[in-house]
Amino acid sequence: MSTSSKLTIDDKTLDFPVKHGSIGPDVYDISKLYAQSGAFTYDPGFTSTASCESKITYIDGDEGVLLYRGYPIEQLAEHGDFLETCYLLLYGELPSAAQKHAFVDNVTHHTMVHDQMNRFFLGFRRDAHPMAIMVASVGALSAFYHDSTDISDETQRMIAQIRMIAKMPTLAAMAYKYSIGQPFVYPKNDLDYASNFLRMCFAVPCEEYKVNPILARALDRIFTLHADHEQNASTSTVRLAGSSGANPFACIAAGIACLWGPAHGGANEAALKMLSEIGTPDNVAKYVAKAKDKNDPFRLMGFGHRVYKNYDPRARIMQKTTHEVLSELGIKDDPLLDVAIELEQIALKDDYFIEKKLYPNIDFYSGITLKAMGFPTSMFTVLFALARTVGWIAQWKEMIEDPSQKIGRPRQLYVGSPKRDYMPVSQRS
Ligand code: CMC
């Protein structure tokens, strides 16, 4: 195992330490490159750049492996539950029975939001996208909970983490209820996390609402699958925002904004819209041809991934969950599922997709499942944000507690005009 590597620039040979992870590729520590050579590296999209050390999540994109704190996602999704996964991501180990009980109790008793939040919501247009409401309302938490914004205080950091995990379902359900003109439903503390969320979304004050345990279990699993995904765009956004010392609520709001884009969390909404647009299995070939056409900007939504060059392990579990949910709801023939199955089969056999290693990702199936549960497409990315909050918070916590943490400040290759002098408007042509 080499401990350093040499780089020759012009006639200068520079030595860089090589760092070894517990698994995965080595990294070359080039943090002294500029000081030693006066040059920067250039890596748009950070395709070859590790921005931090992390002990939280590991992905092997070639093998289709995803581990949270060393545990395979398949085992956590099958045998664990979301709040246990939250504990694992935050504190590094699965909880004992007593630790789990205390953690669940703590989260459950922070689910209500400040009552003034109700009035804050009234400022939104009725037809506002729920993701717009999430960006704003999570950012606004920093205006409501002043006692947990001091990031140098460990207790305040802990309270902010719990508050965020606990209140995210309440805010997400409020965003949904507001958009359909129904009254907000307060959380009910004798329900588990997913059941509580389903009830806050689908109950109305004038009727009893009974949570379907199969759907609650499926939703809990969906949350587990989305809980973390190492240094993706939104997580890196949260880390970058947090590196300046911004409070955790503001940092998570920044993560939600980044997640919203269709190349990231917005893909589940975009994938379902695409399946509806395709309409029937016999149209699939036409859309696959469009996706392959260099002159057509169309891409198969829910296909491809920056890191996975193999089947996304979350997509396999998601596909199984989709079938479980449809069967529980008695949906035998879902036209969107027929299109999805046909599309998957055609794309997986097509040379273009094979050569570029484009496989279905988690968003390909999650939209069908969420739609069957009764969520409108505009809520899909909100559910992703709800589940990813713990990952963002765990990564933010790791960064704040890292003694080598610095403000994130990338450099650039400047290609603009060289220095020139200002000219009064009368002299400009
Ligand atoms: N359909 C058709 N062609 C594709 C697709 C697709 N979905 N994805 C990538 N390609 C092609 C792309 O045109 C490029 O071809 P070429 O080399 O000839 O120029 C090649 O594959 C590599 O693509 P890229 O854009 O350089 O790859 P990337 O790593 O920058 O992008 C991605 C990854 C996820 C943004 C992209 O695959 C994509 O836009 N997928 C559709 C959106 C989607 O499903 N996003 C959800 C990601 S999973 C959830 C999450 O973690 O947020």
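Residues numbered from 1 in each chain as written. Predicted model: local features only at pLDDT ≥ 70, side-chain atom pairs only at ≥ 80, totals over all residues. Heavy atoms only, no water.

K.L.:
Any chance you could explain the overall build of the protein chain here in plain terms?
P.N.:
Within the protein chain one finds 18 helices and 6 strands. Taken along its principal axes, the extent of the C-alpha atoms in the protein chain is 75 × 65 × 55 Å. Per-residue burial over the protein chain gives 45% buried out of 429 residues. Taking contacts inside the protein chain between residues at least 6 apart in sequence as the whole, the part at least 24 apart equals 71%. Per element, the accessible surface of the protein chain, about 21,900 Å² overall, is 53% carbon and sulfur. (Helix = DSSP H or I, 4+ residues; strand = E, 2+ residues; numbered from the N terminus. Buried < 20%, exposed > 50% of the residue type's maximum accessible area, 1.4 Å probe, protein only. Contact = heavy atoms within 4.5 Å. Areas by Shrake-Rupley, 256 points an atom, 1.4 Å probe, with all protein chains shown as cover.)

K.L.:
What should I look at first to understand the packing of helix 3 (residues 82-91) against helix 4 (residues 97-108) in this one?
P.N.:
When two helices pack together, their arrangement is captured by the angle between the axes and the distance separating the axes. Contact pair helix 3 / helix 4: the axes reach a minimum separation of 10 Å and the direction vectors enclose 100 degrees. Here helix 3 is positioned roughly perpendicular relative to helix 4, judged by the angle of their axes. Together, L83, E84, C86, Y87, L90 and Y91 of helix 3 and Q99, K100, F103, V104 and V107 of helix 4 make up the contact between the two elements. Taken together, the residues of the contact of helix 3 with helix 4 break down into 8 nonpolar, 1 polar and 2 charged. (Axes fitted to C-alpha atoms, helices over the stretch in contact; angles between N-to-C directions. Parallel < 35°, antiparallel > 145°, perpendicular 65-115°, else oblique. Nonpolar A, V, L, I, M, F, W, Y, C, P; charged D, E, K, R; others polar.)

K.L.:
Teacher, can you tell me more about the site of the ligand here?
P.N.:
In the vicinity of the ligand lie 20 residues, with H264, K294, L300, R306 and K356 positioned nearest. A distance of 3.2 Å separates a nitrogen atom of the ligand from a polar atom in the backbone of A263. At 2.8 Å, a side-chain N or O of K294 approaches an oxygen atom of the ligand. Starting from 940 Å² of accessible surface for the ligand in isolation, the protein chains cover 76%. (Near = heavy atom within 4 Å. Polar contact = N/O pair within 3.5 Å; in protein donor to acceptor, adjacent residues only side chain to side chain.)

K.L.:
Any chance you could explain the sheet that holds strand 2 (residues 12-19) here in plain terms?
P.N.:
Backbone-to-backbone hydrogen bonds pair the strands of a sheet. The strands run either parallel or antiparallel. Here 3 strands make up an open sheet; going across it, the order is 1-2-3 and the pairing antiparallel. Two strands in the sheet have a free side with no partner beyond their single neighbour: strand 1 (4-9) and strand 3 (27-28). Pairing analysis gives 6 bridges linking strand 1 to strand 2, with the strands arranged antiparallel. Pairing of S5 across the sheet is with F16, part of strand 2. (Pairing = 2+ DSSP bridges.)

K.L.:
Whenever I open this one, unusual backbone geometry confuses me. Can you help?
P.N.:
At F46, a position not held by glycine, the phi torsion is positive, near 50 degrees. Along the chain, the position of F46 falls in the loop between helix 1 (33-37) and strand 4 (57-60). Even without being glycine, K357 reaches a positive phi, approximately 55 degrees. Looking at where K357 falls in the secondary structure, it is placed in the loop between helix 16 (351-355) and helix 17 (362-373).

K.L.:
For this particular structure, what's the right way to read the state of the cysteines?
P.N.:
According to the stated counting rule, one finds 0 disulfides in the structure shown. Cysteine C86 shares no disulfide, and the gap to the nearest cysteine sulfur, in C201, comes to 17 Å. We classify C86 as buried; its relative accessible area is 0%. Free cysteine C251: the closest other cysteine sulfur is in C258, separated by 13 Å. (Disulfide = S-S within 2.5 Å.)

K.L.:
Can you help me understand the environment of S179 in this one?
P.N.:
Tracing the chain through its elements places S179 in helix 7 (residues 154-180). A relative accessible area of 27% places S179 in the partly exposed class. Sequence separation between S179 and G279 is 100 residues, and the spatial gap between their C-alpha atoms is 27 Å. Among the polar contacts made by the side chain of S179, one reaches the main-chain carbonyl oxygen of Y176 at a distance of 2.7 Å.

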